[in-house]
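Structural description and commentary
So the chains spell out like this:
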Amino acid sequence: MFTGPIEDRLAIRELVETYGDAVTRADQQAWEQNWTEDAVWTLNLPGLEKVEGRKAIVALWVQAMAGYEFVLMSSSPGAIQVEGNHATGRFYTSEVARSKDGTTQRVSGRYEDEYIKREGRWYIHRRTFKMLYTQDVTGKAGA
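Let us look at the structure shown here. (Residues numbered from 1 in each chain as written. Predicted model: local features only at pLDDT ≥ 70, side-chain atom pairs only at ≥ 80, totals over all residues. Heavy atoms only, no water.)

Examining the environment of Glu52
Worth spelling out the cut-off: Secondary structure follows DSSP: runs of H or I at least 4 residues long count as helices, runs of E at least 2 residues long count as strands, and numbering of each begins at the N terminus. The contact definition used throughout considers only heavy atoms, calling two residues in contact when any of these lie within 4.5 Å.
For Glu52, the location among the structural elements is in strand 3 (residues 51-52). Look past the residues within four positions of Glu52 in its chain and what remains in contact with it is Ala39 and Val40.

Okay, here's the thing in structure tokens:
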């Protein structure tokens, strides 16, 4: 379901697209700017169930990204619901990543999000990831 002002829904979609672009470019500063200071990132992965605070979230992301030659991330919205300066959203993701050891992986997942609008800009406040599919791809691939 998509509800609320179209301008806010578009801004949230652009926020999530900026997030994916920053992942693909491995741009820490651009990625970090998407989160509130008191954000919560839930990954539902062993040992990474819940990370709290933008500094901790970014530190984890930097550590994880260090293991990859590249990650290509794209997202499609399933829902965006805006009520004033608060919103929720559901986005489906598709990622292709090649680790530094040469392994290529495909991941499909879903984010359940909460957003907050502060000083006219939307931020991710809570982001919960659920992996829907993962596949290690064998064989050589080239760019």
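A word on helix 1 (residues 6-25)
Convention followed: Take the residue count of a helix, subtract one, and multiply by 1.5 Å to get its expected span. Working definition: with a 1.4 Å probe on protein chains only, accessible area under 20% of the residue-type maximum means buried, over 50% means exposed, and in between means partly exposed. The arc in question is the one traced by the directions running from the helix axis out to the C-beta atoms.
Compared with the 28 Å implied by 1.5 Å per residue over 20 residues, the 28 Å span of helix 1 between its first and last C-alpha is a close match. Residues of helix 1 that are buried include every one of Asp8, Arg9, Ile12, Leu15, Val16, Tyr19, Gly20, Ala22 and Val23, and no others. For helix 1, the arc enclosing every buried residue in end-on projection is 160 degrees, short of the 170-degree limit, so these residues lie on one face. Residues of helix 1 that are exposed and angled more than 90 degrees away from the buried face: Ile6 and Glu7. Just past helix 1, the residue Ala26 takes up positive phi, approximately 55 degrees.

Some points on the pairing of strand 7 (residues 121-137)
Spelled out, the test is: Strand pairing is assigned whenever DSSP identifies at least 2 bridges connecting the two strands.
Inspection of the sheet shows strand 2 (residues 35-42) paired to strand 7 by four bridges, in the parallel sense. From the neighbouring strand, Trp35 faces strand 7, where its bridge partner is Ile124. Where strand 6 (residues 104-118) and strand 7 come together, 15 bridges link them in antiparallel fashion. The residue bridging Glu112 from the neighbouring strand is Thr128, located in strand 7. Counted along the chain from strand 6 to the antiparallel partner strand 7, the turn is two residues long, and its residue Glu119 has a positive phi close to 50 degrees.

A word on the nonpolar core
So the rule is basically this: As used in this record, nonpolar core signifies buried Ala, Val, Leu, Ile, Met, Phe, Trp, Tyr and Cys residues forming a set joined through side-chain atoms within 4.5 Å.
By size, the foremost hydrophobic cluster in this structure holds 31 residues, and its most contacted members are Tyr19, Val23, Trp31, Trp35, Trp41 and Tyr115. Of all the elements in the fold, those that place two or more residues in this core are helix 1, helix 2 (28-32), strand 2, helix 3 (54-65), strand 4 (68-83), strand 5 (86-99), strand 6 and strand 7. Of the residues forming this core, the biggest block, six residues, is contributed by helix 1. Beyond its immediate stretch of four places on either side in the chain, Trp35 contacts Tyr19, Val40, Trp41, Arg54, Ile57, Tyr123, Ile124 and Arg127.

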